[in-house]
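# Structure at a glance
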Amino acid sequence: MPNLLYLPGWSVTEYEIDADGAYRIPAVFSAFPDHCPKCGIVGQIYKHGTKKQTYVDAPVHGRQTFIEVTRMRFRCRDCGGTFMQDLPDMDDAHRMTVRCRDYIAAQALLKPNTHVAEDVGIDEKVVRQIGKENAAVLLQQHAEQMQAPRILGILRGGALDLEAFLTEGSGGGAIGDGDAVEHPGRIAPSDTSQNCII
């Protein structure tokens, strides 16, 4: 059977649709570690059982999708430490695939949290948490990339119909890099395009 997850390194032998109409996909990850992450020794680890874990995936064909992972546990002969198989495509903090987390972050910008939660099959508070995390990243990127325009605003008034142009420094920098400066100017009476003469 082809890799139904479309994720490299994963093996899927079957799938089923449960009573709620959701996909249930048993899967295993074929990549095994070659060293102990606790002591760093290479070649001294061995299989030490398995653990069943369920991860939420992005909806497929409009159905909620859950991946039932048989995850390997390993033990180190040198230090005696045990650890779980690393799953790079999974977000263990939210118990979902990385692509599902990205899907939720994108959908939360477009839909109410309750709708996204119903589509994916998770609690609304998880959607809210992921949405807040994504918003923080977007705000940080926006703060780093946004540049101030040369003219921030125009204040009109006065007996001579003068205008004051509020600018941010010389323009082209980030918001707050320069000091706001007022420049007097006049709109020519015959200038119907409202171009400003400073």
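Residues numbered from 1 in each chain as written. Predicted model: local features only at pLDDT ≥ 70, side-chain atom pairs only at ≥ 80, totals over all residues. Heavy atoms only, no water.

### What to know about the layout of surface pockets
- The volume enclosed by the largest pocket comes to roughly 210 Å³.
- Taken together, Leu4, Leu5, Tyr6, Tyr15, Tyr23, Ile25, Asp57, Val60, His61, Thr65 and Arg99 make up the full set of residues lining the largest pocket.
- Counting residues per element, the ones that place at least two in the lining of the largest pocket are strand 3 (23-29) and strand 4 (45-60).
- Here the residues of the lining of the largest pocket are counted per class, giving seven nonpolar, two polar and two charged. (1 Å grid on protein atoms, 1.4 Å probe; cavity = no way out; pocket = protein on both sides within 12 Å on 5 of 7 lines; lining within 4 Å. Points joined across faces, edges and corners; volume = space filled by probe spheres on them. Helix = DSSP H or I, 4+ residues; strand = E, 2+ residues; numbered from the N terminus. Nonpolar A, V, L, I, M, F, W, Y, C, P; charged D, E, K, R; others polar.)

### Observations concerning a nonpolar patch on the surface
- Taken together, the side chains of Leu4, Tyr15 and Ile17 define a hydrophobic patch exposed on the protein surface, amounting to about 260 Å² of accessible area.
- Position of leucine 4 among the secondary structure elements: in the segment before strand 1 (10-11).
- Judged by its relative accessible area of 30%, leucine 4 is partly exposed. (Patch = residues over 30% accessible without salt bridge, like charges linked within 9 Å, V, L, I, M, F, W, Y side chains within 5 Å. Areas by Shrake-Rupley, 256 points an atom, 1.4 Å probe, with all protein chains shown as cover. Salt bridge = Lys/Arg side-chain N within 4 Å of Asp/Glu carboxyl O. Buried < 20%, exposed > 50% of the residue type's maximum accessible area, 1.4 Å probe, protein only.)

### Focus: the nonpolar core
- In this structure, Val56, Met96, Ile104, Val120 and Ile122 are the most contacted members of the largest nonpolar core, which totals 14 residues.
- Where this core is concerned, the elements lending two or more residues are helix 1 (98-107), helix 2 (113-120) and helix 3 (124-145).
- With residues near it in sequence (within four places) discarded, valine 56 still touches Thr65, Phe66, Arg95, Met96, Thr97, Cys100, Val120 and Ile122.
- In this structure, Leu7, Phe29, Val69 and Leu87 belong to the second largest nonpolar core, which totals 13 residues. (Core = buried A, V, L, I, M, F, W, Y, C linked by side-chain atoms within 4.5 Å. Contact = heavy atoms within 4.5 Å.)

### Section: the packing of aromatic side chains
- A full pass over the atoms with the stated rule returns four aromatic pairs.
- Aromatic pair tyrosine 15 and tyrosine 23: ring centres 5.7 Å apart, planes at 70 degrees, arrangement edge-to-face.
- Given a relative accessible area of 12%, tyrosine 23 falls into the buried group.
- Measuring from ring centre to ring centre gives 5.7 Å for phenylalanine 32 and phenylalanine 74, while their planes differ by 65 degrees; the resulting arrangement is edge-to-face. (Phe/Tyr/Trp six-rings, centres within 6.5 Å; stacked < 30°, edge-to-face > 60°.)

### A word on the environment of tyrosine 23
- Tracing the backbone through its elements, the reader meets tyrosine 23 in strand 3.
- Sequence separation between tyrosine 23 and histidine 61 is 38 residues; the distance between their C-alpha atoms is 9.6 Å.
- Setting aside chain neighbours within four positions, we find tyrosine 23 in contact with Tyr15, Glu16, Ile17, Val60, His61, Arg63, Gln64, Thr65 and Phe66.
- A distance of 2.9 Å separates a polar atom in the side chain of tyrosine 23 from a polar atom in the side chain of histidine 61. (Polar contact = N/O pair within 3.5 Å; in protein donor to acceptor, adjacent residues only side chain to side chain.)

### Looking at helix 2
- Every buried residue of helix 2 is listed here: Val116, Ala117 and Val120. All buried residues of helix 2 lie within an arc of 100 degrees about the axis, which places them on one face of the element.
- Against the buried residues of helix 2 lie strand 4, strand 5 (63-76), helix 1 and helix 3.
- One or two steps after helix 2, the chain reaches glycine 121, where phi turns positive at roughly 95 degrees. (Arc of directions from axis to C-beta.)

On their own, these measurements won't tell you what the molecule is for.
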